[in-house]
Structures are given as structure tokens and as C-alpha cells.
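# Coordinate analysis (summary)
As a plain string of letters, each chain reads:
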Amino acid sequence: MGNIRNIVVLTGAGISAESGIQTFRASDGLWEDHRIEDVATPEAYQRDPDMVHRFYDARRAAVQTKSPNAAHEALAYLEGAWPGEFLLVTQNVDDLHERAGSKQLIHMHGELAQAWCTLCDQRHPWATPLIDYPPCPSCASPYSLRPDIVWFGEMPYRMDEIYDALARCDLFVSIGTSGNVYPAAGFVREARSHGARTLELNMEPSEGSAWFTESRQGPATQLVPQWVHQILGF
Ligand code: NAD
Ligand code: ZN
């Protein structure tokens, strides 16, 4: 591992599975018994905002009862100990990475613990339900706060920073993601095209498995701490 300096890690729902948060492809493309088109698109929100709020309010409340696991913790430890650049990009909307202590973190699909005012464009930390249509803390408008979640058909956050980091990285590691959701599913090819080594840690081979230099199968709470020990030379 001597020639590795910059690392980019991508995580998906699989890293939070052992914390008790359901993944989504694993349950036949349903997310907590809901079809994606009914709860995770701008059209769904226009059609039935109450239903969308109820769904994300329930997700937000559930995550508050869960805790980071050994995989989240190992990544936070690696970030603190790693001498080169380290960036963690997550597709997850839970906050288990930050609660484990990760700092160099991009939530490319947004966060449950944040509300976004579509009128004044401010974002606010949010721990309570949105279904009651509370006023925006900045502009006082009712009916303008939505979950700060990137829905299907919307543009993920901070893509410029992510592609810059992928271009500079020597190692790209993908953890607990099915490789179905773009643009994240294309990161492995982007990193490879700039000469990076690529490693996948997942319960099963993902859609994009063939693009990885190496693929290891198993639960994240075992594979991630093992890999972190290995790369730190323990
Ligand atoms: P996904 O559900 O499509 O895929 C999860 C992958 O993790 C699968 O390949 C599965 O085999 C693997 N996996 C399951 N348990 C694992 C374990 N214990 N250890 C290692 N791997 C395991 O998830 P995705 O690729 O992240 O795409 C889902 C989309 O849905 C994302 O956009 C995300 O924002 C959203 N989502 C988020 C959460 C969350 O925030 N925790 C939960 C569900 C869905
Ligand atoms: Zn506002």
C-alpha cells in the first residue's frame, strides 16, 4: 500500500444495515415498503406532500434510535490516522458517519437531519417532523420546508468536489452499495480512468463489480475494520 496517498471512499445503505436501518435494493426495490416513485421524487412531493413528509419523518425518527456500527467507526478512525487526503462520500441520508466522528464527509444525496426552505433557499438542522408544516426559521414562510433529500431526477450535491477528488485519488473504495444508482455507480470508472486502484467491500458482488481491481464479500462491520487495519499497516 506504500504508493497510496489519496483515498476516496463511497458508502451506501449497506454500511448502515447492521445498525438496523433497512437497505433498499435488498428489499426488492422497495424502501421501507414504499415504491420509490411514491416517496422519493419531486412529482410525488407535488402530488401528495403529506405522504412524502410522513415517510421522511418516520425515517428521521427511526435513525435517531440507531447508532453507528464498527464500519462507520473504522472509517472515522482511518480519516484521523491517514497522512494523505481522505474524502468520504455517502449516498446515505442517515447521520451515522458524522456521529461516528467523520469530518471530511459529503452527503451527495442530502440528509434527513436537515430541512431546506424552497422559498429562501436556507438549510436548517432538523430533528422533528415536517408534516405539521412548521414555518421556515429564516423567512417564516409556511409550506416551504422540505426534507433536504436529493430525490430521483434531482442533481446530487457537490459533484464538482467529488469528481476533483476522484481524479486525484490513488485508491477508490466502495462500501455497501448496490451500484444501481447513478451518478455514484459511475465513480469507480471515473477513478480508474485516472489510474486509481479500486476496491469493493459489499455483502454480494454489486452491479459494477467487474470494474473493481478487487472485490471482497461479507458484512461491512467485519470487512471495513479489517481493511482499515490492513491499510494502516497494523
Ligand atoms: P442499496 O440498498 O441499493 O444497496 C445496498 C447494498 O448493500 C446491496 O448491494 C447489499 O448487498 C449490500 N449490503 C447489505 N447489507 C450489507 C452489510 N451488512 N454489509 C455490507 N453490504 C451490505 O443501497 P444504495 O446503493 O446506497 O442505494 C440506495 C439509495 O437509497 C441511496 O440513494 C440512498 O440515499 C437511499 N437509502 C439510504 C438509506 C440510509 O441512509 N441508510 C437507506 C436506504 C436507502
Ligand atoms: Zn425560508
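The preceding data block contains the structure.
Below or above, wherever it landed, is the structure these notes cover. Given the structure is predicted, the values throughout are model-derived calculations rather than measurements. (Residues numbered from 1 in each chain as written. Chains lettered and ligands numbered in written order. Predicted model: local features only at pLDDT ≥ 70, side-chain atom pairs only at ≥ 80, totals over all residues. Heavy atoms only, no water.)

## A word on the pairing of strand S6 (residues 110-117)
Most of S6 is tucked away, with 6 of its 8 residues classed as buried. Bridging between S6 and strand S8 (residues 145-149) involves 5 bridges; their strand directions are antiparallel. Bridged to Cys117 within S8 is Leu145. As consecutive antiparallel partners, S6 and strand S7 (residues 123-125) are separated by 5 residues, and within that stretch Asp121 has a phi angle of approximately 70 degrees, a positive value. (Buried < 20%, exposed > 50% of the residue type's maximum accessible area, 1.4 Å probe, protein only. Helix = DSSP H or I, 4+ residues; strand = E, 2+ residues; numbered from the N terminus. Pairing = 2+ DSSP bridges.)

## Concerning the layout of surface pockets
Looking at the second largest pocket, its volume works out to about 200 Å³. Residue lining of the second largest pocket: 15 residues in total, with Glu85, Phe86, Leu87, Ala165 and Arg168 positioned closest to the centre. Elements represented by at least two residues in the lining of the second largest pocket include exactly strand S1 (7-11), strand S4 (86-90), strand S5 (105-107) and helix H6 (159-168). Sorting elements by how many residues they give to the lining of the second largest pocket places H6 first, with 4 residues. Its residues assigned to classes, the lining of the second largest pocket comprises 8 nonpolar, 2 polar and 5 charged. (1 Å grid on protein atoms, 1.4 Å probe; cavity = no way out; pocket = protein on both sides within 12 Å on 5 of 7 lines; lining within 4 Å. Points joined across faces, edges and corners; volume = space filled by probe spheres on them. Nonpolar A, V, L, I, M, F, W, Y, C, P; charged D, E, K, R; others polar.)

## Focus: the nonpolar core
Counting residues in each nonpolar core, the largest one holds 23 residues, and the members touching the most others are Val9, Leu75, Val173, Ile175, Leu201, Val224 and Trp227. Only S1, helix H4 (70-81), S4, strand S9 (171-175), strand S10 (197-202) and helix H8 (220-231) provide two or more residues apiece to this core. It is H8 that provides the largest number of residues to this core, a total of 6 residues. The next biggest cluster of nonpolar side chains, apart from the first, holds 18 residues, and it includes Val89, Cys169, Ala196 and Phe212. (Core = buried A, V, L, I, M, F, W, Y, C linked by side-chain atoms within 4.5 Å.)

## Considering the sheet that holds S8
Across the sheet, which stays open at both edges, the 3 strands sit in the order S7-S6-S8 with antiparallel pairing between neighbours. Both edges of this open sheet fall to S7 and S8, since each of them pairs with a single strand only. Strand-to-strand, the axes of this sheet are offset by a mean angle of 40 degrees, without reference to chain direction. Looking at chain direction, S6 and S7 are connected through 3 bridges and run antiparallel. Note on S7: the bridge partner recorded for Trp116 is Arg123. Each of S6 and S8 is contacted by helix H3 (residues 49-64), which is oriented at about 55 degrees to S8, the strand it contacts most. (Axes fitted to C-alpha atoms, helices over the stretch in contact; angles between N-to-C directions. Contact = heavy atoms within 4.5 Å.)

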